[in-house]
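Notes for the structure review
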Amino acid sequence: MEKKEMLYEGKAKQVFATDKADEVVVRYKDDATAFNAQKRGSFARKGELNNAISTLIFEYLAKNGIPTHFIEKLGDIEQLVKKVDIIPLEMVVRNYVAGSMAQRLGVEEGLKSPVTIFDLCYKKDELGDPLINDHHAVFLGAASYDELKEMYALTDKINQLLIALFDKMNIILVDFKIELGKTSDGKIVLADEISPDTCRLWDKDTMKKLDKDRFRRDLGEVTEAYEEIYDRLQKAVNS
Ligand code: C5P
(Lines give C-alpha, C1' and ligand atoms only; values in the text may rest on other atoms or scores of the structure.)
Protein backbone atom coordinates (compact mmCIF):
# COMPACT_ATOMS: atom_id res chain seq x y z
CA MET A 1 0.00 0.00 0.00
CA GLU A 2 1.34 3.41 -0.92
CA LYS A 3 0.30 6.52 0.99
CA LYS A 4 -0.48 9.52 -1.23
CA GLU A 5 -1.68 13.11 -0.81
CA MET A 6 -3.62 14.43 2.19
CA LEU A 7 -7.34 14.54 1.38
CA TYR A 8 -8.62 16.16 4.55
CA GLU A 9 -7.44 17.59 7.84
CA GLY A 10 -9.79 17.65 10.79
CA LYS A 11 -9.35 18.80 14.37
CA ALA A 12 -7.84 15.54 15.62
CA LYS A 13 -7.05 13.54 12.46
CA GLN A 14 -5.69 13.71 8.93
CA VAL A 15 -6.85 11.50 6.05
CA PHE A 16 -4.55 10.46 3.18
CA ALA A 17 -5.29 8.86 -0.18
CA THR A 18 -3.63 5.54 -1.05
CA ASP A 19 -2.94 3.79 -4.33
CA LYS A 20 -6.30 2.03 -3.88
CA ALA A 21 -9.36 4.15 -4.69
CA ASP A 22 -11.47 2.63 -1.89
CA GLU A 23 -8.93 2.73 0.97
CA VAL A 24 -7.53 5.71 2.93
CA VAL A 25 -5.04 6.16 5.76
CA VAL A 26 -6.16 7.94 8.93
CA ARG A 27 -3.46 9.63 11.03
CA TYR A 28 -4.27 10.52 14.64
CA LYS A 29 -2.88 13.85 15.87
CA ASP A 30 -1.93 14.89 19.42
CA ASP A 31 -4.09 18.02 19.01
CA ALA A 32 -7.20 18.37 21.13
CA THR A 33 -10.09 20.78 20.73
CA ALA A 34 -13.24 21.28 22.73
CA PHE A 35 -16.39 23.43 22.68
CA ASN A 36 -16.45 23.60 18.87
CA ALA A 37 -12.70 24.39 18.74
CA GLN A 38 -12.95 27.41 21.08
CA LYS A 39 -10.53 25.59 23.38
CA ARG A 40 -7.39 24.17 21.80
CA GLY A 41 -4.45 22.22 23.12
CA SER A 42 -2.42 19.12 22.62
CA PHE A 43 -1.23 16.43 24.96
CA ALA A 44 1.50 13.84 24.84
CA ARG A 45 0.78 10.46 23.21
CA LYS A 46 -2.86 11.32 22.49
CA GLY A 47 -2.66 10.30 18.82
CA GLU A 48 -0.91 7.05 19.64
CA LEU A 49 -3.31 6.15 22.47
CA ASN A 50 -6.48 6.99 20.52
CA ASN A 51 -5.23 4.98 17.53
CA ALA A 52 -4.51 1.99 19.78
CA ILE A 53 -7.79 2.28 21.72
CA SER A 54 -9.96 2.82 18.63
CA THR A 55 -8.27 -0.15 16.92
CA LEU A 56 -9.08 -2.51 19.80
CA ILE A 57 -12.68 -1.25 20.00
CA PHE A 58 -13.30 -1.51 16.25
CA GLU A 59 -11.82 -5.05 16.21
CA TYR A 60 -14.07 -6.03 19.13
CA LEU A 61 -17.17 -4.57 17.45
CA ALA A 62 -16.34 -6.22 14.08
CA LYS A 63 -15.91 -9.56 15.85
CA ASN A 64 -19.40 -9.05 17.25
CA GLY A 65 -21.05 -8.41 13.88
CA ILE A 66 -20.83 -4.62 13.53
CA PRO A 67 -19.89 -3.46 10.02
CA THR A 68 -17.03 -0.93 10.25
CA HIS A 69 -14.64 0.99 7.99
CA PHE A 70 -11.60 -0.38 9.87
CA ILE A 71 -9.10 -2.54 7.96
CA GLU A 72 -5.87 -2.57 10.00
CA LYS A 73 -3.58 -0.59 12.28
CA LEU A 74 -0.50 0.49 10.35
CA GLY A 75 1.75 1.97 12.99
CA ASP A 76 1.71 4.06 16.15
CA ILE A 77 -0.52 6.82 14.82
CA GLU A 78 -1.99 5.46 11.58
CA GLN A 79 -4.64 3.03 10.48
CA LEU A 80 -5.93 1.84 7.11
CA VAL A 81 -9.68 2.16 6.62
CA LYS A 82 -12.26 1.81 3.85
CA LYS A 83 -13.04 5.09 2.15
CA VAL A 84 -16.59 6.12 3.03
CA ASP A 85 -18.85 9.11 2.54
CA ILE A 86 -19.45 10.28 6.09
CA ILE A 87 -23.17 10.78 6.78
CA PRO A 88 -23.30 14.36 8.18
CA LEU A 89 -25.04 13.29 11.39
CA GLU A 90 -23.50 12.67 14.79
CA MET A 91 -25.23 9.85 16.63
CA VAL A 92 -24.92 10.59 20.36
CA VAL A 93 -25.99 7.92 22.86
CA ARG A 94 -26.55 8.66 26.54
CA ASN A 95 -26.87 6.05 29.28
CA TYR A 96 -26.28 8.61 32.04
CA VAL A 97 -26.94 12.35 32.01
CA ALA A 98 -23.84 14.49 31.46
CA GLY A 99 -22.39 17.31 29.41
CA SER A 100 -24.65 19.25 27.06
CA MET A 101 -27.79 17.32 28.06
CA ALA A 102 -27.30 18.16 31.73
CA GLN A 103 -26.89 21.82 30.77
CA ARG A 104 -29.72 21.97 28.23
CA LEU A 105 -32.31 20.33 30.49
CA GLY A 106 -31.04 21.60 33.84
CA VAL A 107 -30.59 18.04 35.09
CA GLU A 108 -27.87 16.94 37.49
CA GLU A 109 -24.86 15.28 35.87
CA GLY A 110 -24.48 11.61 36.78
CA LEU A 111 -28.12 10.51 36.83
CA LYS A 112 -28.66 7.11 35.21
CA SER A 113 -31.34 7.29 32.54
CA PRO A 114 -34.05 4.59 32.61
CA VAL A 115 -34.08 4.67 28.81
CA THR A 116 -31.31 4.88 26.23
CA ILE A 117 -31.26 8.44 24.92
CA PHE A 118 -30.33 9.08 21.29
CA ASP A 119 -29.40 12.60 20.19
CA LEU A 120 -29.01 13.42 16.52
CA CYS A 121 -26.69 16.32 15.68
CA TYR A 122 -26.09 17.91 12.30
CA LYS A 123 -22.35 17.83 11.51
CA LYS A 124 -21.76 21.45 10.59
CA ASP A 125 -18.89 23.27 12.35
CA GLU A 126 -20.17 26.74 11.36
CA LEU A 127 -23.42 26.04 13.23
CA GLY A 128 -21.77 24.27 16.18
CA ASP A 129 -23.21 20.83 15.29
CA PRO A 130 -26.81 21.64 16.34
CA LEU A 131 -29.16 19.10 17.89
CA ILE A 132 -31.80 18.17 15.28
CA ASN A 133 -34.56 15.60 14.89
CA ASP A 134 -35.23 12.89 12.27
CA HIS A 135 -37.41 15.18 10.16
CA HIS A 136 -34.68 17.81 9.98
CA ALA A 137 -32.20 15.10 8.94
CA VAL A 138 -34.51 13.97 6.13
CA PHE A 139 -35.21 17.60 5.13
CA LEU A 140 -31.45 18.26 4.96
CA GLY A 141 -30.97 15.19 2.75
CA ALA A 142 -28.56 13.67 5.28
CA ALA A 143 -30.47 10.36 5.43
CA SER A 144 -33.83 8.83 4.55
CA TYR A 145 -36.30 7.61 7.21
CA ASP A 146 -35.34 4.01 6.35
CA GLU A 147 -31.65 4.82 6.70
CA LEU A 148 -32.28 6.55 10.04
CA LYS A 149 -34.06 3.43 11.28
CA GLU A 150 -31.05 1.32 10.29
CA MET A 151 -28.67 3.86 11.85
CA TYR A 152 -30.51 3.87 15.20
CA ALA A 153 -30.60 0.04 15.27
CA LEU A 154 -26.86 -0.15 14.56
CA THR A 155 -26.10 2.55 17.15
CA ASP A 156 -28.20 0.73 19.76
CA LYS A 157 -26.34 -2.54 19.09
CA ILE A 158 -22.99 -0.73 19.36
CA ASN A 159 -24.11 0.78 22.69
CA GLN A 160 -25.02 -2.64 24.11
CA LEU A 161 -21.66 -4.11 23.03
CA LEU A 162 -19.71 -1.15 24.40
CA ILE A 163 -21.56 -1.20 27.74
CA ALA A 164 -20.57 -4.88 28.12
CA LEU A 165 -16.94 -4.20 27.15
CA PHE A 166 -16.51 -1.21 29.49
CA ASP A 167 -18.29 -3.08 32.27
CA LYS A 168 -15.50 -5.68 32.10
CA MET A 169 -13.08 -2.77 32.56
CA ASN A 170 -14.95 -1.56 35.67
CA ILE A 171 -16.02 1.53 33.74
CA ILE A 172 -19.39 3.20 33.25
CA LEU A 173 -20.11 4.17 29.64
CA VAL A 174 -21.86 7.47 30.34
CA ASP A 175 -22.30 8.63 26.74
CA PHE A 176 -20.55 8.62 23.39
CA LYS A 177 -20.71 9.88 19.84
CA ILE A 178 -20.30 7.87 16.67
CA GLU A 179 -20.26 8.71 12.99
CA LEU A 180 -21.52 6.41 10.26
CA GLY A 181 -20.47 6.38 6.63
CA LYS A 182 -21.50 4.82 3.34
CA THR A 183 -19.09 2.58 1.42
CA SER A 184 -18.89 2.74 -2.38
CA ASP A 185 -21.56 0.00 -2.60
CA GLY A 186 -23.96 2.00 -0.38
CA LYS A 187 -23.56 -0.03 2.82
CA ILE A 188 -23.84 1.89 6.12
CA VAL A 189 -20.82 1.22 8.37
CA LEU A 190 -19.35 2.55 11.59
CA ALA A 191 -16.62 5.08 10.74
CA ASP A 192 -14.45 7.73 12.45
CA GLU A 193 -13.16 6.63 15.89
CA ILE A 194 -14.29 5.47 19.31
CA SER A 195 -11.89 6.65 22.00
CA PRO A 196 -11.78 8.71 25.22
CA ASP A 197 -12.14 11.73 22.88
CA THR A 198 -15.62 10.57 21.86
CA CYS A 199 -16.91 8.83 25.01
CA ARG A 200 -17.47 9.75 28.64
CA LEU A 201 -15.94 7.00 30.76
CA TRP A 202 -16.15 6.97 34.55
CA ASP A 203 -14.38 4.55 36.89
CA LYS A 204 -17.10 2.53 38.65
CA ASP A 205 -15.52 2.67 42.10
CA THR A 206 -14.18 6.22 42.25
CA MET A 207 -16.32 7.89 39.50
CA LYS A 208 -13.04 9.40 38.26
CA LYS A 209 -13.39 10.76 34.73
CA LEU A 210 -11.13 8.87 32.31
CA ASP A 211 -11.91 10.78 29.12
CA LYS A 212 -11.68 14.09 27.31
CA ASP A 213 -13.58 15.93 30.05
CA ARG A 214 -10.18 16.01 31.83
CA PHE A 215 -9.01 18.28 29.00
CA ARG A 216 -12.31 20.18 28.57
CA ARG A 217 -12.56 20.94 32.29
CA ASP A 218 -8.82 21.34 33.04
CA LEU A 219 -8.81 18.41 35.47
CA GLY A 220 -5.19 17.41 34.75
CA GLU A 221 -3.77 13.87 34.24
CA VAL A 222 -5.16 13.70 30.71
CA THR A 223 -2.54 11.38 29.19
CA GLU A 224 -2.65 9.20 32.33
CA ALA A 225 -6.43 8.75 31.95
CA TYR A 226 -6.12 7.66 28.31
CA GLU A 227 -3.28 5.28 29.29
CA GLU A 228 -5.50 3.80 32.01
CA ILE A 229 -8.27 3.15 29.45
CA TYR A 230 -5.79 1.53 27.05
CA ASP A 231 -4.37 -0.74 29.81
CA ARG A 232 -7.79 -1.90 30.99
CA LEU A 233 -9.01 -2.35 27.40
CA GLN A 234 -6.07 -4.58 26.47
CA LYS A 235 -6.83 -6.80 29.46
CA ALA A 236 -10.58 -6.90 28.68
CA VAL A 237 -10.22 -7.85 25.01
CA ASN A 238 -7.62 -10.50 25.84
CA SER A 239 -9.62 -12.14 28.62
O1 C5P B 1 -21.14 17.49 24.61
P2 C5P B 1 -22.13 16.38 24.82
O3 C5P B 1 -22.50 16.17 26.23
O4 C5P B 1 -23.32 16.52 23.91
O5 C5P B 1 -21.36 15.07 24.35
C6 C5P B 1 -21.94 13.79 24.41
C7 C5P B 1 -20.89 12.73 24.04
O8 C5P B 1 -20.54 12.84 22.67
C9 C5P B 1 -19.59 12.88 24.81
O10 C5P B 1 -19.07 11.59 25.08
C11 C5P B 1 -18.68 13.61 23.86
O12 C5P B 1 -17.32 13.27 24.07
C13 C5P B 1 -19.16 13.11 22.51
N14 C5P B 1 -19.04 14.12 21.46
C15 C5P B 1 -18.05 13.98 20.48
N16 C5P B 1 -17.95 14.90 19.48
C17 C5P B 1 -18.78 15.95 19.40
C18 C5P B 1 -19.80 16.11 20.38
C19 C5P B 1 -19.89 15.17 21.39
O20 C5P B 1 -17.29 13.01 20.51
N21 C5P B 1 -18.66 16.81 18.40
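Residues numbered from 1 in each chain as written. Predicted model: local features only at pLDDT ≥ 70, side-chain atom pairs only at ≥ 80, totals over all residues. Heavy atoms only, no water.

**Quick word on the UniProt feature "domain: SAICAR synthetase/ADE2 N-terminal" (unreviewed entry) in the protein chain**
Following the UniProt record, one finds the feature "domain: SAICAR synthetase/ADE2 N-terminal" (unreviewed entry) at residues 7–232. Helix makes up 31% of residues 7–232 and strand makes up 35%, while its end C-alpha atoms are separated by 34 Å. (UniProt positions renumbered as here; feature names shortened; annotations may be inferred. Helix = DSSP H or I, 4+ residues; strand = E, 2+ residues; numbered from the N terminus.)

**With respect to the site of the ligand**
The environment of the ligand is made up of 15 residues, and the closest members are R94, S100, D175, R200 and R216. Measuring from an oxygen atom of the ligand, one finds a side-chain N or O atom of R200 at 2.9 Å. Notes on the ligand: free accessible area 450 Å², of which the protein chains cover 79%. Secondary structure elements with two or more residues in the shell around the ligand: β8 (85–96), α2 (99–105), β11 (171–182) and β13 (199–203). Grouping the amino acids of the shell around the ligand by side-chain chemistry returns four nonpolar, three polar and eight charged. (Near = heavy atom within 4 Å. Polar contact = N/O pair within 3.5 Å; in protein donor to acceptor, adjacent residues only side chain to side chain. Areas by Shrake-Rupley, 256 points an atom, 1.4 Å probe, with all protein chains shown as cover. Nonpolar A, V, L, I, M, F, W, Y, C, P; charged D, E, K, R; others polar.)

**Looking at the layout of surface pockets**
One way to see where empty space is left: roll a probe the size of a water molecule over the atoms. In this structure, the second largest pocket encloses a volume near 210 Å³. Around the second largest pocket, the lining comprises 14 residues; the ones closest to its centre are N95, Y96, K112, I163 and L173. Mapped onto the lining of the second largest pocket, the elements with two or more residues apiece are β8, β9 (112–122), α4 (145–168) and β11. A per-element tally of the lining of the second largest pocket places β9 first, with five residues. Residue classes in the lining of the second largest pocket are distributed as seven nonpolar, four polar and three charged. (1 Å grid on protein atoms, 1.4 Å probe; cavity = no way out; pocket = protein on both sides within 12 Å on 5 of 7 lines; lining within 4 Å. Points joined across faces, edges and corners; volume = space filled by probe spheres on them.)

**A short note on the pairing of strand β2 (residues 13–18)**
In terms of residue burial, β2 counts as a mostly covered element, since six of its six residues are buried. Residue alternation in β2 divides its side chains into two sets, K13, V15 and A17 and Q14, F16 and T18, and both sets are buried. One ladder, built from four bridges, connects strand β1 (residues 3–9) with β2; its direction is antiparallel. Within β2, the residue paired with M6 across the bridge is F16. Taken together, the five bridges between β2 and strand β3 (residues 23–28) define a ladder with antiparallel strand orientation. From the neighbouring strand, V15 faces β3, where its bridge partner is V26. (Buried < 20%, exposed > 50% of the residue type's maximum accessible area, 1.4 Å probe, protein only. Pairing = 2+ DSSP bridges.)

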